[in-house]
Amino acid sequence: MSEVENTVEEYPLSRDYVDFNRLNLQHYILKDMFGYSLHPGIPRDQKSLKIADVGTGTGIWLLDLLPELDPSTELVGIDADITQVGPREWLPENLTLRKWSVFTDVPDDLVGIFDVVNIRLFAFVIEGDATPIVRKLKKLLKPGGYLQWCDVDVLSFRINTATPNVSTGYLVELWEETMPKETRLFPKWVKGLPESFENEGFLNITTDWKAQKGHTGIAMHWCNLPIHEMLADRLRSSNPEKSSKIRAIMEAASVESRKGAMYAFDRVIVVGQKP
């Protein structure tokens, strides 16, 4: 297990074409689960809004939201790696990219300029406490601006089955082989996100929890199952035998999934308004 733990440094996933596809698909499944990309309580019909997506990845959240907004809206995708979004020539004119990591100080020119800041799926990135990140994101906002944070509560993990007689042994084994305990892969801070918002002085805080189930649940399961393969690939050079073992378990776990078994988690969107 220690070898798997050693692969979990910085961003633990692959940042390759497989993960780009996963991120794009995951966006639409999350939208289906919650019924929205941007919380309906956040105003979006004004002119000249400025909206930032922190940890933008492929930029899919901004690109999907674009048709809902006035053409005067400025969109900014922010990430430590902005190459995932694609060439500037293929992006809308009102979408720009900015390289910045939330683990560094907020650049002066980004302080207090956004009406909306969105951040998603940092559960595998932040260790310990999300409050320092909430504090930085608050700095990006104008007075009265909104912060939206969507994440997965990994500690809510369970295996759901369509019927009681569906086997889950290989799914259990896959989880135990690839998800080391006491690492950032098991964040404890997600349930405390509303409290982090409150501690940083946000107003009108709303919390929307969704349990993974039904057709969107199995779609999300298939979408994220490759994460375990990504972790196995990181072991290929240091321990090819273990990497091969995980891949074999993946095949058997996929059979169980086709019969009606899936990994399931609770997910949350927290929204707050800066005073």
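Rules and cut-offs
- Residues numbered from 1 in each chain as written.
- Predicted model: local features only at pLDDT ≥ 70, side-chain atom pairs only at ≥ 80, totals over all residues.
- Heavy atoms only, no water.
- Helix = DSSP H or I, 4+ residues; strand = E, 2+ residues; numbered from the N terminus.
- Buried < 20%, exposed > 50% of the residue type's maximum accessible area, 1.4 Å probe, protein only.
- Contact = heavy atoms within 4.5 Å.
- Areas by Shrake-Rupley, 256 points an atom, 1.4 Å probe, with all protein chains shown as cover.
- Pairing = 2+ DSSP bridges.
- Axes fitted to C-alpha atoms, helices over the stretch in contact; angles between N-to-C directions.
- Salt bridge = Lys/Arg side-chain N within 4 Å of Asp/Glu carboxyl O.
- Left-handed = near helix turned anticlockwise from the far one by under 90°.
- Nonpolar A, V, L, I, M, F, W, Y, C, P; charged D, E, K, R; others polar.
- Core = buried A, V, L, I, M, F, W, Y, C linked by side-chain atoms within 4.5 Å.
- Phe/Tyr/Trp six-rings, centres within 6.5 Å; stacked < 30°, edge-to-face > 60°.
- pLDDT = per-residue confidence, 0-100.
- Parallel < 35°, antiparallel > 145°, perpendicular 65-115°, else oblique.
- Polar contact = N/O pair within 3.5 Å; in protein donor to acceptor, adjacent residues only side chain to side chain.
- Expected span 1.5 Å × (residues − 1).

With that out of the way, let us pick up the overall build of the protein. Helix and strand content of the protein: 9 helices and 7 strands. The buried share of the protein, taken over its 275 residues, is 52%. Of all intrachain contacts in the protein linking residues separated by at least 6 positions in sequence, the fraction that spans at least 24 positions is 79%. Within the structure as shown, the protein displays about 12700 Å² of accessible surface, and the carbon and sulfur contribution to it stands at 52%.

Before going further, it helps to spend a moment on the sheet that holds strand β5 (residues 141–161). Reading across from one edge, β3-β2-β1-β4-β5-β7-β6 is the order of the 7 strands in this open sheet, with mixed pairing throughout. Pairing within the sheet leaves two strands with one partner each, and these edge strands are β3 (95–99) and β6 (203–211). With strand direction ignored, the average angle separating the axes of adjacent strands in the sheet is 20°. Relative to strand β7 (residues 261–273), β6 runs antiparallel, the two being bridged by 7 bridges. Bridge pairing in β7 links D208 to I269. The strands touched by helix α2 (residues 17–34) are β4 (114–120), β5, β6 and β7; relative to β7, the strand with the most contacts, the crossing angle is about 75°. The sheet strands contacting helix α5 (residues 169–178) are β5 and β7, and the helix crosses β7 at an angle near 55°.

Now for the pattern of salt bridges. For the structure shown, the criterion picks out 14 salt bridges. Among the ionic pairs, K191 bridges to D153, the shortest N-O distance being 2.1 Å. Here the residue K191 occupies a position in the loop between α5 and α6 (193–199), and D153 occupies one in strand β5, the gap between them amounting to 38 residues.

To continue, consider the packing of α5 against helix α9 (residues 240–258). Put simply, α5 and α9 touch, their axes get as near as 8 Å, and they point 145° apart. The two elements α5 and α9 meet at a crossing, and its hand is left-handed. Only K242, K245, I246, I249, M250, A252, A253, E256 and S257 of α9 make contact with α5, whose side of the interface consists of G169, Y170, L171, E173, L174, E177 and T178. Residues of the contact of α5 with α9, tallied by class, amount to 8 nonpolar, 3 polar and 5 charged.

One finds V54, V117, L137, L140, L147 and W149 to be the most contacted residues of the largest nonpolar core, which totals 50 residues. Contacts of L140, omitting those with residues within four sequence positions, involve V54, W100, V106, L110, V111, G112, I113, F114 and V117. The next biggest cluster of nonpolar side chains, apart from the first, holds 23 residues, and it includes I29, Y36, L65 and L69.

Moving on, we come to the packing of aromatic side chains. Summed over all chains, the structure comprises 8 aromatic pairs. Between the aromatic rings of F34 and Y36, the centroid separation amounts to 6.1 Å while the plane-to-plane angle is 55°, which identifies the pairing as tilted. Like F34, the residue Y36 is buried in the burial classification. Every member of this aromatic cluster is reached through a ring pair, and the members are F157, W175, Y263 and F265.

Mean pLDDT over the protein works out to 90, with 91% of the residues at or above the 70 mark. Long-range and interchain partners of residues 1–11, a stretch whose pLDDT sits below 50, account for 27 contacts in this model, where long-range means more than four residues apart.

With that settled, the discussion passes to the packing of helix α7 (residues 214–224) against α9. Close contact between α7 and α9 brings their axes to 12 Å; oriented N to C, the two are set at 170°. Between α7 and α9, the crossing angle belongs to the class labelled roughly antiparallel. In contact with I218, H221 and W222 of α7, α9 contributes S254, S257 and R258. Class assignment for the residues of the contact of α7 with α9 results in 2 nonpolar, 3 polar and 1 charged.

Another aspect to go through is the side chain of D19. Note that D19 resides in helix α2. What makes D19 buried here is its relative accessible area of 0%. Here R22 takes part through its side chain, which lies 2.5 Å from a polar atom of the side chain of D19.

The first and last C-alpha atoms of α9 sit 27 Å apart over 19 residues, in line with the 27 Å expected at 1.5 Å per residue. By the burial criterion, the buried members of α9 are K242, S243, I246, I249, M250, A252, A253, S254, E256 and S257. G260 lies just past α9 and shows a positive phi near 115°.

Within the secondary structure, D105 sits in the loop between β3 and β4. Accessibility expressed as a relative area gives 66% for D105, which makes it exposed. A C-alpha to C-alpha distance of 7.7 Å links D105 and K136, two positions 31 residues apart in sequence. When residues no more than four places from it in sequence are discounted, the contact partners of D105 are W100 and K136.

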